[in-house]
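Report on the structure
Here's the letter readout for the chains.
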Amino acid sequence: MPIRKLLAIVLIVAGVMGLVYGGFSFTSETHQADFGPLSLSVDEEEYVTVPIWAGLGAIVIGVSLLLFRKEE
């Protein structure tokens, strides 16, 4: 599978997922303290919103990569 076709498919899937879910969340460890044998850590869950224009843009670019091929 050519790299251009694979990139187009990845962009289309990422754009659709961005539109369907609207974002993604991840957990990051922010603070950690050690008090002798005791250990304390704080995990924060963060949410990143994917804008609608970014999802639509990824779909449009992916479809255009599939449709408009470079003539060799």
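One can find the structure itself at the top, above this paragraph.
The rules we used
- Residues numbered from 1 in each chain as written.
- Predicted model: local features only at pLDDT ≥ 70, side-chain atom pairs only at ≥ 80, totals over all residues.
- Heavy atoms only, no water.
- Helix = DSSP H or I, 4+ residues; strand = E, 2+ residues; numbered from the N terminus.
- Rg over C-alpha atoms; globule rule 2.2 N^0.38 Å.
- Buried < 20%, exposed > 50% of the residue type's maximum accessible area, 1.4 Å probe, protein only.
- Contact = heavy atoms within 4.5 Å.
- Areas by Shrake-Rupley, 256 points an atom, 1.4 Å probe, with all protein chains shown as cover.
- Lys, Arg positive; Asp, Glu negative; His and termini not counted.
- Charge placed at Lys NZ, Arg CZ, Asp CG, Glu CD.
- Polar contact = N/O pair within 3.5 Å; in protein donor to acceptor, adjacent residues only side chain to side chain.
- Axes fitted to C-alpha atoms, helices over the stretch in contact; angles between N-to-C directions.
- Parallel < 35°, antiparallel > 145°, perpendicular 65-115°, else oblique.
- Left-handed = near helix turned anticlockwise from the far one by under 90°.
- Nonpolar A, V, L, I, M, F, W, Y, C, P; charged D, E, K, R; others polar.

1. Description of the overall build of the protein
Broken down by element type, the protein carries two helices and two strands. Ordered by position from the N terminus, the helices and strands of the protein form the series α-β-β-α. Taking 2.2 N^0.38 as the reference for a compact globule, 72 residues should give roughly 11 Å; the C-alpha atoms of the protein span a radius of gyration of 20 Å, well beyond that estimate. Projected onto its principal axes, the C-alpha positions of the protein cover 65 × 25 × 10 Å. Relative to its full complement of 72 residues, the protein shows a buried share of 11%. For the protein, the share of sequence-separated contacts (at least 6 apart) that also reach a separation of at least 24 residues comes to 57%. On the protein, roughly 6,000 Å² of surface is accessible, and the fraction owed to carbon and sulfur atoms is 66%. Across the protein, the mean location of the 4 positive side-chain charges is 31 Å away from that of the 8 negative side-chain charges.

2. Considerations on the environment of Ile12
Here Ile12 is to be found in helix α1 (residues 3-21). Given the relative accessible area of 21%, Ile12 is considered partly exposed. Taking the C-alpha atoms as reference points, Ile12 and Gln32, separated by 20 residues in sequence, lie 39 Å from one another. Setting aside residues no more than four positions away along its own chain, Ile12 makes contact with Ala58, Ile59, Gly62, Val63 and Leu66.

3. Structural notes on the side chain of Ser28
One can find Ser28 in strand β1 (residues 23-35). Separated by 3.1 Å, the side chains of Ser28 and Glu46 make a polar contact. Leaving out residues up to four positions away in the same chain, Ser28 has contacts with Val42, Asp43, Glu44 and Glu46.

4. Observations concerning the packing of α1 against helix α2 (residues 52-67)
Running from amino to carboxyl end, α1 crosses α2 at an angle of 155°, the nearest separation of the two axes being 7 Å. Taken together, the axes of α1 and α2 lie roughly antiparallel to each other. For the crossing formed where α1 meets α2, the hand is left-handed. Of the residues in α2, those in contact with Arg4, Lys5, Leu7, Ala8, Leu11, Ile12, Gly15, Val16 and Leu19 of α1 are Ile52, Gly55, Leu56, Ala58, Ile59, Ile61, Gly62, Val63, Leu65 and Leu66. Its residues placed into classes, the contact of α1 with α2 shows 14 nonpolar, three polar and two charged.

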